[in-house]
Amino acid sequence: SYGNRLPSDSTVFDVRDGRLYLFSSARAKLSYDARPQLYIDQATQRFASAAFSGNCLVASRREGKPIPGNPRFSTPFRGWMHRFSDEAALAAFLTNPGLFLPQYESFCVVGITHHKRYPADGSRLRVVDGKTYLLFDDGAAKEFDADPAGAIKQADANWPALKVQTDQPGNP
């Protein structure tokens, strides 16, 4: 699977060069069929990139600041390679990923307050009430830090309309 956020359908697949490629639907496979090598190259590149700037979601949430992940403790999830600081952090994530994933499908919380889906930087994060929020840049961080509760309230109100438009996560 290229990293589609939907589960694979075992009846929709292709075998190429001895490798099995699974798809979530016949529609997803049509995208692959049009240009298989491009599709494979994009998937390979995406899995080679570490989500959240290589930071550990579990340790970062716990510490309230970016904590680097270790490539030895990695797992693919929703089309991105996630790194964790240690085996315990990886196990915690695999047990309950939703507990650690940033809010708003990893888009910048401040962008969401302005009805925009800006990709966030995994090295700019804030943890508020046990939830992780990502930010686009220093300007967004400054705006968020001025009124975290207000930003979250506004983003929560705006998110349902923006979520409908979301095809891929910003930058997990």
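None of the values given here were measured: they were computed from a predicted structure.

What follows concerns the pairing of strand 4 (residues 80-84). Alternating residues of strand 4 divide into Trp80, His82 and Phe84, all buried, and Met81 and Arg83, none buried. Relative to strand 4, strand 3 (residues 70-77) runs antiparallel, the two being bridged by five bridges. For phenylalanine 77, the partnering residue across the bridge sits in strand 4 and is tryptophan 80. Linking strand 3 to strand 4, which pair antiparallel, is a turn of two residues; within it arginine 78 sits at a positive phi near 50 degrees.

Once that is clear, we can look at empty space enclosed by the protein. One pass over the structure, following the stated rule, counts one cavity of 30 Å³ or more. Each pocket or cavity is described by its volume, and for the largest cavity that value is around 30 Å³. Taken together, Phe52, Asn55, Cys56, Leu57, Ser60, Gly122, Leu125 and Leu134 make up the lining of the largest cavity. Contributions of two or more residues to the lining of the largest cavity are made by helix 3 (57-63) and strand 5 (121-128).

Before going further, it helps to examine the packing of aromatic side chains. Scanning the model with the defined rule gives 11 aromatic pairs in all. Look at phenylalanine 84 and phenylalanine 93: their rings are 4.9 Å apart centre to centre, the planes differ by 40 degrees, and that puts the pair in the tilted class. Ring centres of tyrosine 104 and tyrosine 133 lie 6.0 Å apart, and the angle between their planes is 45 degrees; on these two criteria the pair is classed as tilted. A residue pair is termed long-range when its members are at least 10 positions apart, and tyrosine 104 in the loop between helix 5 (97-100) and helix 6 (109-113) and tyrosine 133 in strand 6 (residues 131-135) qualify at 29 residues. One exposure class covers both tyrosine 104 and tyrosine 133, and it is buried. The structure contains a cluster of three or more aromatic residues connected by ring pairs, namely Tyr104, Phe107, Tyr133, Phe144 and Trp159.

For the rest of this paragraph, the subject is the environment of phenylalanine 107. By the element assignment, phenylalanine 107 lies in the loop between helix 5 and helix 6. Each C-alpha atom, one on phenylalanine 107 and one on tyrosine 133, is 8.4 Å from the other, the two residues being 26 residues apart in sequence.

What counts, and where the lines are drawn
- Residues numbered from 1 in each chain as written.
- Predicted model: local features only at pLDDT ≥ 70, side-chain atom pairs only at ≥ 80, totals over all residues.
- Heavy atoms only, no water.
- Buried < 20%, exposed > 50% of the residue type's maximum accessible area, 1.4 Å probe, protein only.
- Helix = DSSP H or I, 4+ residues; strand = E, 2+ residues; numbered from the N terminus.
- Pairing = 2+ DSSP bridges.
- 1 Å grid on protein atoms, 1.4 Å probe; cavity = no way out; pocket = protein on both sides within 12 Å on 5 of 7 lines; lining within 4 Å.
- Points joined across faces, edges and corners; volume = space filled by probe spheres on them.
- Phe/Tyr/Trp six-rings, centres within 6.5 Å; stacked < 30°, edge-to-face > 60°.

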